[in-house]
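# A structural walkthrough
For reference, the chains in residue letters:
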Amino acid sequence: MTMCAKRADAVGLTRRRVLAGLGLGLLAGCAPLPEGAALVPPAPSQAEQQAQIAALTAALRGLSPGVSPAEAARAAHVAVTQPLAWAREWQVVDPPLAHNFKVVHGIREKGVCQDWADAMEIALTAERFRTLQLHRALANARNIQLEHATVIATARGQPMDQGIILDPWRIGQGRLYFGPVLQDDRYVWEAREAVRAWKRQWHAEALTPR
């Protein structure tokens, strides 16, 4: 179950995965930093944001000739700028895993990957796109690594694996990572519906008397 279903269950799952799969030192960001290095990189400038919006707009338009240029531009603006506002609202000032640690221990209320994915889905759905389609995806759902959630955008009717990942958790502090699904060398993505079906089957089989 992911956080968009029942937050309490998802936080419990995140806590177990975090503690099982990663050491506290990693989660707390305890790797030594170079002398004088800042823990939190500076926020992207307006020029950097505009450059990323332009690049993402081009990537979304490149999904299909049928993608509306105006919709691609709106989606890119939301995906780049809104997560920076959520980061301020949620007080996200640490690298991603360090902030996860704060959330699962009650120090911060929001900011794990499911929160970012939920907020991204809500914000983009509100745009009522006609030529773009949104997909929810999960990675590491079938192993002991830290489960990750994201939103993927495709042209209307395209399969998810032809889409663009919109992931504001990965880099940290709401900075958007985007790129083609099939070129992601860090995560293997599955449709959230497929993962939920697999989990239901797994639980049913586990409860079946042998």
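Data block above holds the structure.
An account of the accompanying structure is given in this report. (Residues numbered from 1 in each chain as written. Predicted model: local features only at pLDDT ≥ 70, side-chain atom pairs only at ≥ 80, totals over all residues. Heavy atoms only, no water.)

In this structure, Arg108 sits in the loop between helix H5 (96-104) and helix H6 (113-125). The side chain of Arg108 is buried and forms no salt bridge, while Asp94, the nearest opposite charge, is found at 5.8 Å. In terms of polar contacts, Arg108 uses its side chain to reach the backbone carbonyl oxygen of Gln91, at 3.0 Å. Setting aside residues no more than four positions away along its own chain, Arg108 makes contact with Trp90, Gln91, His99, Lys102 and Val103. (Helix = DSSP H or I, 4+ residues; strand = E, 2+ residues; numbered from the N terminus. Buried < 20%, exposed > 50% of the residue type's maximum accessible area, 1.4 Å probe, protein only. Lys, Arg positive; Asp, Glu negative; His and termini not counted. Salt bridge = Lys/Arg side-chain N within 4 Å of Asp/Glu carboxyl O. Polar contact = N/O pair within 3.5 Å; in protein donor to acceptor, adjacent residues only side chain to side chain. Contact = heavy atoms within 4.5 Å.)

The tally for this structure, following the rule as stated, stands at seven salt bridges. One salt bridge in this structure joins Asp167 and Arg170, with 3.1 Å as the shortest N-O distance. Each member of the pair Asp167 and Arg170 is classed as buried. A salt bridge links Asp184 to Arg170; the nearest nitrogen and oxygen atoms lie 2.9 Å apart. One end of the pair, Asp184, is in the loop between strand E4 (177-180) and strand E5 (190-191); the other, Arg170, is in the loop between strand E3 (164-167) and E4, with 14 residues separating them in the sequence. On the basis of relative accessible area, Asp184 is assigned to the buried category, the value being 10%. It is possible to trace a salt-bridge network through shared partners that takes in Asp118, Glu121 and Arg136.

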